[in-house]
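Examining the three-dimensional arrangement
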Amino acid sequence: MKYFRKNAMLSIFLVLIIFALVLSGCGAKNTGTNTNTNNQQQAQQPQKVELVMGHPFSAQHPISQQILIPLAKELEEKSGGRIKLTIHAGGSVTSPATIREDVANGVIDIGWTLQGYTPGKYPITDVIELPFMYDSTPQAAYVLWNLYLQSPDFQKEYGDVKILGLWVTDPGELLTKNQVKKPEDLSGMRIRFSGPAIESMIKKFGGTPVGMSMPEVYDALQRGVIDGVANGPSVIKSYKLNEVIKYATKGLNSFYSAQVIFMNKKKWESLSPEDQKLIESLTGEVIYKKATQLYADAYDEGLKLAKDSKIEINEITPEQREVWKEKTKDIVKEWLDKVNQKGIPGQQILDLVEKLKKEYNEKNK
């Protein structure tokens, strides 16, 4: 009896051990399944996106206040809080001279700049600055945006970045401490410029061009480092130049300056198709149209502030403008020779510019 009882107990003990092992195996299998499920769920959840943007302009600049800050809010709202765009103004994380490289190399994700700050970097874009070529901000902006859409050579100029916006400033006038009514009045005057074609234009007028970024201009005028600026009147309000200038022209309409927002390519490619689609829906043509209207309005606002500040405004008649224009007639050829030497089909670009100008004029009769 003892023998049978002993064997029975041993059998029961073995059965319990086997049962425990089976349960343990099932538990391990279930745990693995749960882990895999959790990992899949995490992979399926949309990822948070942190974007860092830098630019050299004032945080109070109209582009910052009316385009960039609203863009950051829209991205956050429409992504359910996943996409956060942090904007650093005033050159705190980049500089006018390095912003293209900073974006291309991933130091920052997005940058906004004026291409003229880096002479030689954008030879095709310089066609927008050629003096007396365009009639209005909307026309010049239309040409620039459609050059980007239609010209492979233009696209190559921005090949290491993703373009999020392209537009132009308001018409270039002369904002000075001394009165300017005719080109000869600029003789000996030090005038701030923002691009190679404008530099050449000031020389043709008899002035001395001085390169610097807009945030430096107020102090430079105040301290007498420069005598004036060749800029659209929008900068009067943006940079409080009504406090440091005494004269302005109206109707000279001598040039336009291009501006751009671009993004690091690797950062762009790391985004999901859905996030790319969201960003594209809020940038590109949307920004081009908003910025164009903003600068068109800012021209009048700047001159109004100048008038209210008792700044003397010299209105240039169409006949007088032709005298100024005649002084710069060689600059287009100079640009053409320069780009041709770089292997860029300059005449082809000029022909497309003329085609786009006519196209714009036809659409806006």
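That block above? That's the structure.
Analysis parameters
- Residues numbered from 1 in each chain as written.
- Predicted model: local features only at pLDDT ≥ 70, side-chain atom pairs only at ≥ 80, totals over all residues.
- Heavy atoms only, no water.
- Helix = DSSP H or I, 4+ residues; strand = E, 2+ residues; numbered from the N terminus.
- Buried < 20%, exposed > 50% of the residue type's maximum accessible area, 1.4 Å probe, protein only.
- Contact = heavy atoms within 4.5 Å.
- Areas by Shrake-Rupley, 256 points an atom, 1.4 Å probe, with all protein chains shown as cover.
- Pairing = 2+ DSSP bridges.
- Right-handed = clockwise from strand over helix to strand, strands pointing away.
- Axes fitted to C-alpha atoms, helices over the stretch in contact; angles between N-to-C directions.
- Parallel < 35°, antiparallel > 145°, perpendicular 65-115°, else oblique.
- Left-handed = near helix turned anticlockwise from the far one by under 90°.
- Nonpolar A, V, L, I, M, F, W, Y, C, P; charged D, E, K, R; others polar.

Notes on the overall build of the chain
- Secondary structure summary: the chain contains 14 helices and eleven strands in total.
- Of all 365 residues assigned to the chain, the portion counted as buried reaches 48%.
- The long-range share in the chain, meaning contacts at least 24 apart out of those at least 6 apart in sequence, stands at 77%.
- A total of about 18300 Å² of accessible surface is found on the chain, and carbon and sulfur atoms cover 53% of it.

Quick word on the pairing of strand β2 (residues 83-88)
- Bridge analysis of strand β1 (residues 49-54) against β2 gives six bridges, and the strand direction is parallel. Counterpart to Glu50 in the pairing with β2 is Lys84.
- A crossover links β1 with its parallel partner β2, the connecting element being helix α2 (residues 62-78), and its sense is right-handed.

Regarding the packing of helix α6 (residues 196-205) against helix α13 (residues 331-341)
- α13 packs onto α6 with a crossing angle of 140° between their chain directions and a minimal axis gap of 10 Å. Here α6 lies oblique to α13, going by the angle between them. Pair α6 / α13 crosses with right-handed handedness. Contacts between α6 and α13 involve Pro196, Ala197, Ser200, Met201 and Lys204 on the former and, on the latter, Ile331, Glu334 and Lys338.
- For the contact of α6 with α13, the class distribution of residues is four nonpolar, one polar and three charged.

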